[in-house]
Amino acid sequence: MFYSKLRFIVYLRHIADTPLPHTLYLLFSCSVYQCGAILLADMAHISGLVAGGVVPVSPFKYADVITTTTHKSLRGPRGALIFFRRGLKGTDKKGNNIMYDYEDKINQAVFPGLQGGPHNHTITALAIALKAAGSPEFKAYQEQVIKNSAAMADALQSKGYTLVSGGTENHLVLIDLRDKDVDGARVERVLELADINCNKNTVPGDKSALQPHGLRVGAPAMTTRGLVESDFKQVVEFVDRGIKIAQDVKKSNPTHKLKDFKDTVLNNPPPALAALKKEVQDWAAKFPMPGQFW
Ligand SMILES: Cc1ncc(COP(=O)(O)O)c(C=O)c1O
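If you're wondering where the values come from, they're calculated on a predicted model, not measured in any experiment.

K.L.:
I'd like a rundown of the packing of helix α8 (residues 229-252) against helix α10 (residues 271-284), residues and numbers included.
P.N.:
When two helices pack together, their arrangement is given by the angle between the helix axes and by the axis-to-axis distance. Closest axis-to-axis distance for the α8/α10 pair is 10 Å, and the angle between their directions is 165°. On the basis of the axis angle, α8 is roughly antiparallel to α10. As α8 packs across α10, the resulting crossing turns out to be left-handed. Residue-level inspection shows Q234, F238, R241, G242 and I245 of α8 in contact with α10, the latter providing A272, L273, L276, V280 and W283.

K.L.:
Explain helix α5 (residues 136-158) to me, using residue names and the numbers behind them.
P.N.:
Along its 23 residues, α5 runs 33 Å from first to last C-alpha, staying within 8% of the 33 Å computed at 1.5 Å per residue. Taken as a whole, α5 has its buried residues at F138, Y141, Q142, Q144, V145, N148, S149, A151, M152, A153, A155 and L156. Just past α5, the residue G160 takes up positive phi, approximately 95°.

K.L.:
Give a detailed account of the environment of K251, specifying residues and quantitative values.
P.N.:
By the element assignment, K251 lies in helix α8. The spatial distance from the C-alpha of K251 to the C-alpha of V182 is 9.1 Å, given a sequence separation of 69 residues.

K.L.:
Account for the sheet that holds strand β10 (residues 214-218), with residues named and values stated.
P.N.:
Strand order across the open sheet formed by four strands is β7-β8-β10-β9, with antiparallel pairing between neighbours. Sheet topology places β7 (162-163) and β9 (199-201) at the edges, where each strand pairs with a single neighbour. Two elements, strand β8 (residues 172-176) and β10, share five bridges in a ladder whose sense is antiparallel. Bridge pairing links I175 to L215 in β10. Relative to the sheet, α5 contacts β7, β8 and β10, its axis offset from that of β8 by approximately 20°.

K.L.:
Outline the environment of G167, supporting the account with residue identities and numerical values.
P.N.:
Mapped onto the fold, G167 is located in the loop between β7 and β8. Measuring from C-alpha to C-alpha, the distance between G167 and S149 comes to 9.5 Å, with 18 residues separating the pair along the chain.

The rules behind these values
Residues numbered from 1 in each chain as written. Predicted model: local features only at pLDDT ≥ 70, side-chain atom pairs only at ≥ 80, totals over all residues. Axes fitted to C-alpha atoms, helices over the stretch in contact; angles between N-to-C directions. Helix = DSSP H or I, 4+ residues; strand = E, 2+ residues; numbered from the N terminus. Parallel < 35°, antiparallel > 145°, perpendicular 65-115°, else oblique. Left-handed = near helix turned anticlockwise from the far one by under 90°. Contact = placed C-beta atoms within 7 Å. Expected span 1.5 Å × (residues − 1). Buried ≥ 20, exposed ≤ 12 C-beta atoms within 10 Å, placed from the backbone. Pairing = 2+ DSSP bridges.

What follows is the structure in structure tokens.
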């Protein structure tokens, strides 16, 4: 009774980029429905997977408002989209129709509220990306993203790594490094110097977002370059070597702060790091870049 008087927005941001989002959508939408709030899902990370139909549960089934950036797994230009419900929401006690009222509010908030003139070049690129997202090739690509991500999760677990949520249902895995005596910031930097891009990320229990204990590794970019499951096992070999290098550097400089660690790996790198970088470059060069036809 009390809750039905409230009107607020429940913002699902971290759900969309955690490795097991779907059960969480269900939980949130049930409680939001009961208290009359608006459910907003930010599907920025997974919008490509949603467009490709490869997530077991789509946020469109549950959310009243959905936001997404267009430059992540959707593979479009830097930009964003907002979706909202329209039409009949329900009926009141007297049987009168209640309509969704999001359209004008959201449109007005975007323009004139927040946005200036249109960027026609971005809109054109977005139209092309959305057309591509409806194609069978894009669906096949997203299916491969899911397979590659699962292969990466399996390979990491068989090397003894703990994954947050115990696995993945989407395009990324989140490695929990708390039992490895090294943090995500140090590993991120070492891997970056070996030409492997990934992100440090907080894991449950972390106290610092700048020096968290998680490492987030995603499959979409390298799947675009044609990698399949067996290639992602090789990616895990490289990542594992990078983690070991970070562990070794940290061990030999136990008093070093993160800044000193970064100085060391940049200015006085161990030979193993240069060797890893060379191998990564030679190996990655076998896979074509998008738009490269030679
Ligand atoms: C779920 C989610 N929404 C929105 C954003 C914003 O994206 P950007 O900073 O690329 O504009 C991010 C960035 O990582 C995100 O993870």
